[in-house]
Amino acid sequence: MPIYEQTYRAYEGKTLRGFRWWVMVKQELRVLFATRPFLYLLIVAVIHVSFRVFQITVYDMVSMANQSAALMALRNIAMMQVDERTFFDFLRIQSPLVFLVTLFAGSGMICNDFSDNLIEIYFSKPLTRLDYIAGKIVTLVLVGAILTAIPDILLVVLHNLLAPGRETLRETYWIPFSILAFSACIVLPCVLGILASSALFSSQRYAGIAVFMLLFGDSALGSALPGLVRNPNFSVLSLPMAINRMGETLFNQPKKTFPLHWGWSALVIALVCAAAYWALASRIRRAERAS
Amino acid sequence: MSVVIEAKELSKWFGEVVAVNNLDVTIESGVTGLLGPNGAGKSTFIKLAMGLYGPSRGTIKVFGQSPRNNMDVLRRIGYCPEFDRFPDNTTGFEFVYWLNRFYGLTGGEATRRAEEACERVKMTDRMDDLIETYSRGMRQRIKIAQALAPAPELLFLDEPMAGLDPEGREELFALIRALGEEGRAVIVSSHILYEIERVTSYMVLLHNGCILARGKVHDVRELMDEHPLAVTVECRSPRALAAHFAGDDTTLSIEFDNGRVTVRTRDPNGFFDKLNRLITENAAEVTSFACADADLQSVFQYLVR
């Protein structure tokens, strides 16, 4: 009869103490990229990127060929001109798509775990609540980055490759930093808001509708209030306007949104992020339920 | 035998509902049955032991440490929950593999262990199919596989026999016994005494969050010997089936009702052994059977009388 060791035995696996959330990110991304509607939305994003590639290629080829007449003609077509505004516009136009894609990907991310009782199985593994939250946030931030920062930075690189020289470098070296900052302004409130909604509501549909209604209401408030009080600065209460104002500052664009200092916009964005994170984290911490 | 779980004055309540009430219990390695009707506090006790719930009062220690948010303890635990829902678009293998990765296993190691676990629960043939195509028994097996895969020292199986066919149950009984013989601590919850008896001789009987009895199944069994078990069998030829049990000394009564026969017996083990044999031989063309008092409520009424 075999004699078995009855005392505690050492754990056999290698430990990934600091990066357990990364396993969750990989798992979530695998599920997302296996979902057809998600891929269709990404394809829509590619159409815009393709147009920008075409725009930069044409502009740079013309400018490198020293065809001043053609270049002048191109510069007269605002849509074809390449400068910091091009990269700002790219992100601005992508932002509704970021909202749609993250809403699709994130609205069911937590409520489905609750309804499927997967939350229980996750926390029976060596996974902290913080790992779980970080995994979900990083997944959606990566999705957001795929739509915003990554292609936009690649467009800057393309611009430098097609029109190499110190002049281009001097004009664009700061743009990737602005892109990263503006992308964060677009993606973070979106991701945290959607995840908070997913944590607070019991179904993916309700979570999605709640975020949509909240954004709609906020935008309506941001549009109506400045007219009512005759002060355009009240537009800062609209999250999309606040984000746009941040973009104008980061890309040295004229203040078209509202004249208020950008710090107020940053504060609104930070408050939205903090409130959403608080709602998300407290819901996950309260994951105890009578069974 | 080493102490794996030690609870002292452990209580857990949810609002005004007391789920676990002042439990003092120690559980050692080997297989332990957690027996009680629905709402007895079995699942809550398991969740307290895994740190999923924090105690409202008292303490619980697993491997000598508090399990709440304790990654060192969780790394040594496997858990098969009673729920029957899974993520969409996921194969059985992927489910086991990804949960393995949370233990810090590398990709290769997690793959190897997931395959081994699927093999152990006899799911190798279907492990690459989507879980939504599985039968209830298969889903149960894959849940057990994910609990087994990281080779935990302590395994919690919450109602693991639910949904399994007789053959699957027998295989699972054998698997649980083997895990206990390997030196692992296995805690199996069920509301059916017969299932617990098949896997262990030691059990903790819970009722309304309190321990009603604890010790060898045989000792508890003796207390219940005079309490008959009623089993209702649905089959094509109830009279032929009844004939097999009519001559047994332990059979107290046989009743017929519209294609069903209800047998009251004082020897459930002997009864189920015989019934299993008859089903295998297809002697009476049995379509279903159920314990009329399987929820133990009547047993408890007897025990607390």
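This is a predicted model, so every value here is computed, not measured. (Residues numbered from 1 in each chain as written. Chains lettered and ligands numbered in written order. Predicted model: local features only at pLDDT ≥ 70, side-chain atom pairs only at ≥ 80, totals over all residues.)

Observations concerning the overall build of chain B
Right, on to step 1. Looking only at helices and strands, chain B features 11 helices and 13 strands.
Right, on to step 2. In terms of overall dimensions, chain B is globule-like: its C-alpha atoms have a radius of gyration of 20 Å, near the 19 Å expected for 305 residues.
Right, on to step 3. Based on the C-alpha atoms only, the size of chain B along its principal axes is roughly 60 × 45 × 35 Å.
Right, on to step 4. Looking at the 305 residues of chain B, the share that counts as buried comes to 45%. (Helix = DSSP H or I, 4+ residues; strand = E, 2+ residues; numbered from the N terminus. Rg over C-alpha atoms; globule rule 2.2 N^0.38 Å. Buried ≥ 20, exposed ≤ 12 C-beta atoms within 10 Å, placed from the backbone.)

A word on the overall build of chain A
Right, on to step 1. A tally of regular secondary structure across chain A gives 13 helices and zero strands.
Right, on to step 2. Listed N to C, the secondary structure of chain A is α-α-α-α-α-α-α-α-α-α-α-α-α in terms of helices and strands.
Right, on to step 3. Across its three principal directions, the C-alpha atoms of chain A cover 95 × 55 × 35 Å.
Right, on to step 4. For chain A, with 291 residues in total, the buried portion stands at 38%.

What about the packing of helix H1 (residues 20-33) of chain A against helix H7 (residues 129-147) of chain A?
Residues and elements named next belong to chain A.
Right, on to step 1. Close contact between H1 and H7 brings their axes to 8 Å; oriented N to C, the two are set at 45 degrees. Classed by the angle they form, the pair H1 and H7 counts as oblique. Note that H1 runs across H7; the crossing there is right-handed. Facing H1, whose interface residues are Arg20, Trp21, Met24, Val25, Glu28, Leu29 and Leu32, H7 presents Asp131, Tyr132, Ala134, Gly135, Val138, Thr139, Leu142 and Val143.
Right, on to step 2. Along the lines of polarity and charge, the residues of the contact of H1 with H7 split into 10 nonpolar, two polar and three charged. (Axes fitted to C-alpha atoms, helices over the stretch in contact; angles between N-to-C directions. Parallel < 35°, antiparallel > 145°, perpendicular 65-115°, else oblique. Left-handed = near helix turned anticlockwise from the far one by under 90°. Contact = placed C-beta atoms within 7 Å. Nonpolar A, V, L, I, M, F, W, Y, C, P; charged D, E, K, R; others polar.)

Let's talk about the nonpolar core
Right, on to step 1. In terms of nonpolar packing, the biggest core is built from 140 residues, with Val191 and Leu195 of chain A together with Val96, Ala145 and Phe156 of chain B touching the most fellow members.
Right, on to step 2. Top contributing element to this core by residue count: helix H10 (residues 175-200) of chain A, with 14 residues.
Right, on to step 3. Core analysis: the second largest hydrophobic core is formed by 12 residues, Phe245, Val263, Phe271 and Ala284 of chain B among them. (Core = buried A, V, L, I, M, F, W, Y, C linked by C-beta atoms within 7 Å.)

Considerations on the confidence of the model for chain A
All names here are of chain A.
Right, on to step 1. Per-chain confidence: chain A averages 86 in pLDDT, with 90% of residues scoring 70 or above.
Right, on to step 2. Here helix H3 (residues 68-76) is the element of chain A with the lowest mean pLDDT, 70, and H10 is the one with the highest, 96.
Right, on to step 3. Low pLDDT (under 50) marks residues 1-11, which in the prediction has 13 contacts with non-local residues, meaning those over four places away or in another chain. (pLDDT = per-residue confidence, 0-100.)

A short note on the sheet that holds strand E9 (residues 210-216) of chain B
Each strand in a sheet pairs with its neighbour through backbone hydrogen bonds, running either in the same direction (parallel) or in the opposite one (antiparallel).
Residues and elements named next belong to chain B.
Right, on to step 1. In spatial order, the strands read E5-E6-E7-E3-E8-E9; together these six strands make up an open sheet with mixed pairing. Bordering the open sheet on either side are strand E5 (77-80) and E9, each of which pairs with just one other strand. For this sheet the average axis-to-axis angle between neighbouring strands, irrespective of direction, equals 15 degrees.
Right, on to step 2. Where strand E3 (residues 30-35) lies against strand E8 (residues 202-207), three bridges are found, and the strand directions are parallel. In the strand pairing of E8, leucine 35 is matched with leucine 205.
Right, on to step 3. Along the sheet face, helix H5 (residues 136-148) touches E5 and strand E6 (154-158) and points at about 170 degrees away from the line of E5. (Pairing = 2+ DSSP bridges.)

Describing helix H13 (residues 262-285) of chain A
All names here are of chain A.
Right, on to step 1. Spanning 24 residues, H13 covers 34 Å between terminal C-alpha atoms, matching the ideal 34 Å at 1.5 Å per step.
Right, on to step 2. Among the residues of H13, Ser265, Val268, Ile269, Val272, Ala276, Leu280 and Ile284 are the ones counted as buried.
Right, on to step 3. Looking at the buried positions of H13, the neighbouring elements they touch are H7, H10 and helix H12 (239-250). (Expected span 1.5 Å × (residues − 1).)

Structural notes on the confidence of the model for chain B
Residue and element names in this part refer to chain B.
Right, on to step 1. For chain B, the mean per-residue pLDDT works out to 85, and 93% of the residues sit at or above 70.
Right, on to step 2. For chain B, the element scoring lowest by mean pLDDT is helix H11 (residues 297-303), at 53; strand E4 (residues 57-62) scores highest, at 94.
Right, on to step 3. Model confidence for the complex is summarised by a pTM of 0.79, with the ipTM given as 0.75.

Points about the sheet that holds strand E11 (residues 251-257) of chain B
Residues and elements named next belong to chain B.
Right, on to step 1. Within the open sheet, the four strands sit side by side as E11-E12-E10-E13. Their pairing is antiparallel. Lying at the two open borders of the sheet, with one neighbouring strand each, are E11 and strand E13 (286-291). On average, each strand axis in the sheet is inclined to that of its neighbour by 20 degrees, with strand direction left out of account.
Right, on to step 2. Relative to strand E12 (residues 260-265), E11 runs antiparallel, the two sharing six bridges.

Some remarks on the environment of valine 138 of chain A
All names here are of chain A.
Right, on to step 1. If you trace the backbone, valine 138 turns up in helix H7.
Right, on to step 2. A sequence separation of 13 residues divides valine 138 from proline 151, and the C-alpha atoms of the two residues are 18 Å apart.
Right, on to step 3. Beyond its immediate sequence surroundings of up to four residues, valine 138 is in contact with Trp21 and Val25.

A few points about the domain arrangement of chain B
Right, on to step 1. Under the domain assignment, chain B is made up of domain 1 (3-222) and domain 2 (225-303).
Right, on to step 2. For domain 1 of chain B versus domain 2 of chain B, the separation of C-alpha centres amounts to 29 Å. (Domains from an automatic or database assignment.)

Digging into helix H1 (residues 42-49) of chain B
Right, on to step 1. Where burial is concerned, most of H1 of chain B is hidden: eight out of the eight residues are buried.
Right, on to step 2. Within H1 of chain B the residues assigned to the buried category are Lys42, Ser43, Thr44, Phe45, Ile46, Lys47, Leu48 and Ala49 of chain B.

Considerations on the pairing of strand E7 (residues 185-190) of chain B
All names here are of chain B.
Right, on to step 1. Among the six residues that make up E7, six are buried, leaving the element largely enclosed by the rest of the structure.
Right, on to step 2. Residues Ala185, Ile187 and Ser189 of E7 are buried on one face, and the alternating residues Val186, Val188 and Ser190, pointing to the opposite face, are buried as well.
Right, on to step 3. As paired elements, E3 and E7 share six bridges and run parallel to each other. Residue pairing in the sheet places threonine 32 in a bridge with isoleucine 187 of E7.
Right, on to step 4. With five bridges joining them, E6 and E7 adopt parallel strand pairing. Within E7, the position partnered with leucine 155 by the bridge is valine 186.
Right, on to step 5. In this fold, the crossover linking E6 to E7 by way of helix H6 (residues 166-181) has right-handed handedness. (Right-handed = clockwise from strand over helix to strand, strands pointing away.)

Some thoughts on unusual backbone geometry
Residue and element names in this part refer to chain B.
Right, on to step 1. Positioned with a positive phi, phenylalanine 63 is a non-glycine residue whose angle comes to about 55 degrees.
Right, on to step 2. Structurally, the position occupied by phenylalanine 63 is in the loop between E4 and helix H2 (71-74).
Right, on to step 3. According to the C-beta neighbour criterion, phenylalanine 63 is partly exposed, with 19 such atoms within 10 Å.
Right, on to step 4. One non-glycine residue with positive phi stands out, namely alanine 151, at about 50 degrees.
Right, on to step 5. Within the secondary structure, alanine 151 is located in the loop between H5 and E6.
Right, on to step 6. The class for alanine 151 is partly exposed, based on 19 C-beta atoms found within 10 Å.

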